[in-house]
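# Observations on the three-dimensional arrangement
Each chain, letter by letter, is given below.
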Amino acid sequence: MKDSAALVNRDTRVAAWWWIVSIIFLFCGAVIGLGLRFYFVKPMPVRFQYWLHAHSHVMLLGWVFNALFLLVYQQFFRVFSRIEKICIGLLQVGVLGMLISFPFQGYGPVSIVFSALHLTVADVLAILLWIRTKSPAFFVVGSEHTRRFLKMGAFFQLLSSLGPFMLAHLMAGSNHASGIEHTALYQLSIFFYLHFLYNGLFFYLVLALWLPSAIITRSSQYLMALGTVLIFAHAILYVDERWLWSWVAAIGSILQLSVWLTWMHQNFDVLRRKAGLILLAAVTVKLILQVGGSFPPLSHLVVTQRFWLMAYLHFLFLGIYTPFIWAMKGLSRRFLPYGLYWLMLLGTEGLLLSPYLFRKTTFNAEAWYACIFAVYAGLVVLLLCITYRLSPYRRHE
C-alpha cells in the first residue's frame, strides 16, 4: 500500500509539473501574440512570419495539446508509465526548441528537427493512449463510448502526421524548394495536419472528457467522425473553390451539427453542468459556422480576408478549447474575470471582423490596430491571470 501511495504521489507531481510547463508555454505564446498585434501599431525590425510560426506552434502544441492530454490522463488513467513520462519530457523539449528557433529562422533546419521530434513523440503517445483504453482499469472511470472518443482522437493524431510527411516528400523532390510553399500540395499538406489536429485530436479529447457519462450511440460517434473527414473540404476550398468541395464540406458540416444537436438534446443537463451554457453555445456556434462556411460568399470571405480566418482560429482556441480546459480544472463560472474574459474575447472578434463590414465607410486603420492591441492586451492579462489561478502551487499560497 505504501508503494502504491508513493507511486500516486510521484505521478501527481508529474501532472503538476506538466500543468506548470503548459502555463509557461501559454504565457510565452500569449506574449508573442501581443507583440504581433503591436507590430501593426508600430512595425519593428523583426521577421513577422517567423514570430507568427513561434506563436502558433507554442499555443497549439505547448498549451492546448499539453493541457488536453494532461486532463485525459488525470481523469482516466491517474498514473504514468515510464515511457509516457519520457514522452511527456520530450514533448516539452520539442516545443521549447520550436519556441527558440522559429523566431530566428522560420522553417529552418533547427526548427524542423524540433517539429519532427514533437510529431514523432506525439504519435507514440497517441499509440500508448490507444493501448491504454483497452486495459480493464480504464473502465473504472471510463465507458465504452469514451473509449471510442479517445481512440478516434489517437487515430486523428496519427492521420494528421501524414501532412508533415507529405511536406518532407515534396521538399525532397523539388529542385526549387524556395518556391514550393506557393504550390497547392504544399498548402494542403499544412492544412491536412492542422485540420486533423484541432478538428480531430483536440475535438475528440474534449468530447471524451465532456461526455463520459452521457447517452451516446456508437453510430452517432462514427457519423461525427465521418463529418470530421468530410469537412477537410473546407481546407481544399483555399486552393480550389469549386462547388464540389462546397457540397462535400456542407454534407460533413450538417452531419456534425445534426449529431451534436442530438447529443445536446439527450444530454443537455450533463453538458451544461460540466462546462456551462456559454461553452455549450460556443461549440454550437462553431458547428453552425462550419455549415455557413461551406458555401460562397462566406467561404470566399474566409479565404480572402485574413482577419476573418484569424477571428475563427481565436474563437476556436480562446473561445472553446481554453475555457473548456479551465472548466475541467475546476474554474468557477461565477468568477468575475471569467465573464470579463468573454467580453474581451467578443470585443477582439468584433474588431477582427469589422474592416470588411465597414469597408464602404471612412476607416482609420491606425486607430483600428491600436484598438485591437488594447483589447487584446486586456484579454491576455485575463487569460494568464485565470490560468495562473488554477496552478496547483497557487492554492497553497
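Residues numbered from 1 in each chain as written. Predicted model: local features only at pLDDT ≥ 70, side-chain atom pairs only at ≥ 80, totals over all residues. Heavy atoms only, no water.

## A few points about the nonpolar core
Of all hydrophobic cores here, the largest spans 111 residues; its most connected members are Leu68, Phe202, Trp210, Trp260, Tyr321 and Tyr341. The biggest single contributor to this core is helix α2 (residues 48–76), with 18 residues. Setting aside residues no more than four positions away along its own chain, Tyr341 makes contact with Leu318, Thr322, Pro323, Trp326, Leu379, Leu382, Leu383 and Ile386. Counting residues in each nonpolar core, the second largest holds six residues, with Met310, Leu352, Trp368 and Ile372 among its members. (Core = buried A, V, L, I, M, F, W, Y, C linked by side-chain atoms within 4.5 Å. Buried < 20%, exposed > 50% of the residue type's maximum accessible area, 1.4 Å probe, protein only. Helix = DSSP H or I, 4+ residues; strand = E, 2+ residues; numbered from the N terminus. Contact = heavy atoms within 4.5 Å.)

## Structural notes on the packing of helix α4 (residues 109–132) against helix α5 (residues 144–160)
Remark: α4 packs on α5, axes separated minimally by 9 Å, with the N-to-C direction vectors making an angle of 155°. Overall, the two elements α4 and α5 adopt an arrangement that is roughly antiparallel. In the crossing of α4 with α5, the sense of the turn from one axis to the other is left-handed. Contact with α4, carried on its side by Leu119, Ala122, Asp123, Ala126, Ile127, Leu129 and Trp130, involves Leu150, Lys151, Ala154, Phe155, Gln157 and Leu158 of α5 and no other residues of that element. (Axes fitted to C-alpha atoms, helices over the stretch in contact; angles between N-to-C directions. Parallel < 35°, antiparallel > 145°, perpendicular 65-115°, else oblique. Left-handed = near helix turned anticlockwise from the far one by under 90°.)

## A word on the confidence of the model for the protein chain
Per-residue confidence for the protein chain gives a mean pLDDT of 86, with 90% of residues at or over 70. Across the protein chain, the element-wise mean pLDDT spans from 73 in helix α13 (residues 298–304) up to 95 in helix α8 (residues 218–230). (pLDDT = per-residue confidence, 0-100.)

## Points about the pattern of salt bridges
Pairing between side chains of opposite charge can happen when the charged atoms of each approach one another. Scanning all chains against the criterion turns up four salt bridges. Linking Glu144 and Arg147 is a salt bridge whose minimum nitrogen-to-oxygen distance equals 2.3 Å. Here the residue Glu144 and the residue Arg147 both occupy positions in helix α5, the gap between them amounting to three residues, near one helical turn. A relative accessible area of 16% means that Arg147 is categorised as buried. Linking Asp269 and Arg272 is a salt bridge whose minimum nitrogen-to-oxygen distance equals 3.6 Å. On the criterion of helical spacing, the pair formed by Asp269 and Arg272 is a turn pair, its members being three residues apart in helix α11 (residues 268–275). (Salt bridge = Lys/Arg side-chain N within 4 Å of Asp/Glu carboxyl O.)

## Section: the side chain of Ser22
Along the polypeptide, Ser22 turns up in helix α1 (residues 2–41). Not counting residues up to four positions away in its chain, the partners in contact with Ser22 are Gly62, Trp63, Asn66 and Ala67.

## Comments concerning α2
Taking 1.5 Å of rise per residue, the 29 residues of α2 would be expected to cover 42 Å, and the 41 Å separating its terminal C-alpha atoms lies within 8% of that figure. Most pronounced at Val58, the bend in α2 amounts to some 30°. Counting buried residues along α2, 24 of its 29 residues qualify, which places the element largely inside the surrounding structure. (Expected span 1.5 Å × (residues − 1). Bend = angle between axes of the 7 residues up to and from the residue.)

## A look at helix α3 (residues 82–105)
For α3, built from 24 residues, the straight-helix expectation of 34 Å at 1.5 Å per residue is met to within 8% by its first-to-last C-alpha distance of 34 Å. Of all bends in α3, the biggest is about 25°, found at Leu99, and the proline Pro103 comes one to four residues later. Immediately downstream of α3, the backbone of Gly106 shows phi near 60°, a positive value.

## Quick look at a nonpolar patch on the surface
Nonpolar side chains collect at one region of the surface, where Ile86, Leu90 and Val93 lie side by side and expose about 230 Å² of accessible area between them. When its relative accessible area of 34% is taken as the criterion, Leu90 is described as partly exposed. (Patch = residues over 30% accessible without salt bridge, like charges linked within 9 Å, V, L, I, M, F, W, Y side chains within 5 Å. Areas by Shrake-Rupley, 256 points an atom, 1.4 Å probe, with all protein chains shown as cover.)

## So, the packing of aromatic side chains
A full pass over the atoms with the stated rule returns 39 aromatic pairs. Aromatic side chains Trp18 and Tyr73 sit 6.4 Å apart centroid to centroid with 55° between the ring planes, which places their arrangement in the tilted category. With a gap of 55 residues between them, Trp18 in helix α1 and Tyr73 in helix α2 connect regions that are remote in the sequence. The same class applies to Trp18 and to Tyr73, which are both buried. An angle of 90° between the planes, with centres 4.9 Å apart, marks the rings of Phe307 and Trp368 as edge-to-face. Taken together, the residues span a long stretch of sequence, with Phe307 in helix α14 (residues 306–328) and Trp368 in helix α16 (residues 365–389) at a distance of 61 residues. Overall, Trp368 belongs to the buried group, its relative accessible area being 6%. Following the ring pairs from residue to residue traces out a cluster consisting of Phe149, Phe155, Phe156, Phe192, Phe196, Phe203, Tyr204, Phe232 and Trp263. Here Arg37 stacks its cationic end above the ring of Tyr376, 5.5 Å away from the centre of that ring. In this structure, Arg47 packs its charged tip against the face of Tyr50, placed 4.4 Å from the ring centre. (Phe/Tyr/Trp six-rings, centres within 6.5 Å; stacked < 30°, edge-to-face > 60°. Lys NZ or Arg CZ within 6 Å of the ring centre and 35° of its normal.)

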